[in-house]
Amino acid sequence: HESSDSFQTDERPSMMVLFLAIPGSGKSSLCNDLTPNMLGFFTNKRKLLVKEGDKVKGKYESVVQQQALDNTTSVIIADKNVPPISWLSVSDLCSQSQSVAVAVFPENLCDTHVGEGGMRFVYPFSLDYLAVYVSRGLGRAQNSLNEKLDSASDLACMIIVKFLCLYRKKTNKSLENDLQFLGKGCNQVIRIPFSKRRITLARRS
């Protein structure tokens, strides 16, 4: 007779990993290097699913939601920029799939105020970060991305700036507070090094 343990349902929730950033943050480079063994999934039997926005056919949110429903204990990496305007859809997705949201931010971010008087706004990214994002976009080979965010596009810089504007009136603290109310709650925030130098220093420490 088989042990009753073999019929037990795995009730662990799936995890939805989101990148709250703008183009040029390095999320795709990070996602390309992820493996189940690297994340320790070999022993806990979780499935790793990386869904790259440019390669998903159909409506991205619907495809990811179905993946979460079909793989109830999986870890789904949403390789796509998820600004606050998309958070309601993310919340619904997490609720329906019983997923826990895990948000990835660059570390050492600081709020930046731009403008004066009634046109003074706050953003959760510094202008230094924005400059690096734009530089990365312009440094990409021509026609290397479907989003037209490479050196072949005359509008690459403005598109990246428009992504930044989607975070207008958001501070780092408000972003983290809002995250707690996505889906079923009990969500987590992960801060990752922004530059290769910081990654090297983190590994040495």
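It should be emphasised that the depicted structure is a prediction, and the values quoted were computed from it without experimental measurement.

A. The overall build of the protein, seen in detail. When you go through the protein residue by residue, the secondary structure sums to 8 helices and 7 strands. Out of the 205 residues in the protein, the part that is buried amounts to 38%. Here the analysis covers contacts within the protein between residues at least 6 apart in sequence; of these, 69% occur between residues at least 24 apart. Of the accessible surface of the protein, which amounts to about 12400 Å², a share of 52% is contributed by carbon and sulfur atoms.

B. A look at the sheet that holds strand 3 (residues 75-81). Across the sheet, 5 strands lie side by side as 2-3-1-4-7; this open sheet has parallel pairing. Of all the strands in the sheet, the pair left with one neighbour each is strand 2 (48-52) and strand 7 (188-192). When the angles between neighbouring strand axes are averaged without regard to direction, this sheet yields 20 degrees. With 4 bridges connecting them, strand 1 (residues 15-19) and strand 3 associate as parallel partners. Within the sheet, the bridge partner assigned to valine 17 lies in strand 3 and is isoleucine 77.

C. Summary view of the packing of helix 3 (residues 60-70) against helix 4 (residues 87-97). At a closest axis distance of 9 Å, the pairing of helix 3 and helix 4 adopts a crossing angle of 20 degrees. When the interaxial angle is binned, helix 3 and helix 4 end up roughly parallel. Crossing angle aside, the handedness with which helix 3 passes helix 4 is right-handed. Within the contact between the two elements, helix 3 uses Glu61, Val64, Gln65, Ala68 and Leu69 and helix 4 uses Ser89, Leu93, Gln96 and Ser97.

D. Inspection of the pattern of salt bridges at higher detail. Counted according to the given criterion, the structure contains 3 salt bridges. With a closest N to O distance of 3.3 Å, lysine 27 and aspartate 79 form a salt bridge. Here the residue lysine 27 occupies a position in helix 1 (residues 27-32), and aspartate 79 occupies one in strand 3, the gap between them amounting to 52 residues. In this structure, lysine 27 and aspartate 79 share a single accessibility class: buried. The salt bridge involving arginine 191 is made with glutamate 176; its shortest N-O contact spans 2.6 Å. Of this pair, arginine 191 sits in strand 7 while glutamate 176 sits in helix 7 (residues 172-179), placing them 15 residues apart in sequence. Owing to a relative accessible area of 28%, glutamate 176 belongs among the partly exposed residues under this scheme.

E. Structural context of the nonpolar core. Core analysis: the biggest nonpolar cluster contains 35 residues, and Met16, Leu18, Leu20, Ile22 and Phe125 have the highest contact counts within it. Discounting residues that sit within four places of it in the chain, isoleucine 22 has contacts with Asn81, Phe125, Leu130, Tyr133, Ile160, Phe163, Leu164 and Tyr167. If you look at the next biggest cluster of nonpolar residues, it comprises 9 residues, including Phe19, Leu34, Leu48 and Ile77.

Criteria and thresholds
- Residues numbered from 1 in each chain as written.
- Predicted model: local features only at pLDDT ≥ 70, side-chain atom pairs only at ≥ 80, totals over all residues.
- Heavy atoms only, no water.
- Helix = DSSP H or I, 4+ residues; strand = E, 2+ residues; numbered from the N terminus.
- Buried < 20%, exposed > 50% of the residue type's maximum accessible area, 1.4 Å probe, protein only.
- Contact = heavy atoms within 4.5 Å.
- Areas by Shrake-Rupley, 256 points an atom, 1.4 Å probe, with all protein chains shown as cover.
- Pairing = 2+ DSSP bridges.
- Axes fitted to C-alpha atoms, helices over the stretch in contact; angles between N-to-C directions.
- Parallel < 35°, antiparallel > 145°, perpendicular 65-115°, else oblique.
- Left-handed = near helix turned anticlockwise from the far one by under 90°.
- Salt bridge = Lys/Arg side-chain N within 4 Å of Asp/Glu carboxyl O.
- Core = buried A, V, L, I, M, F, W, Y, C linked by side-chain atoms within 4.5 Å.

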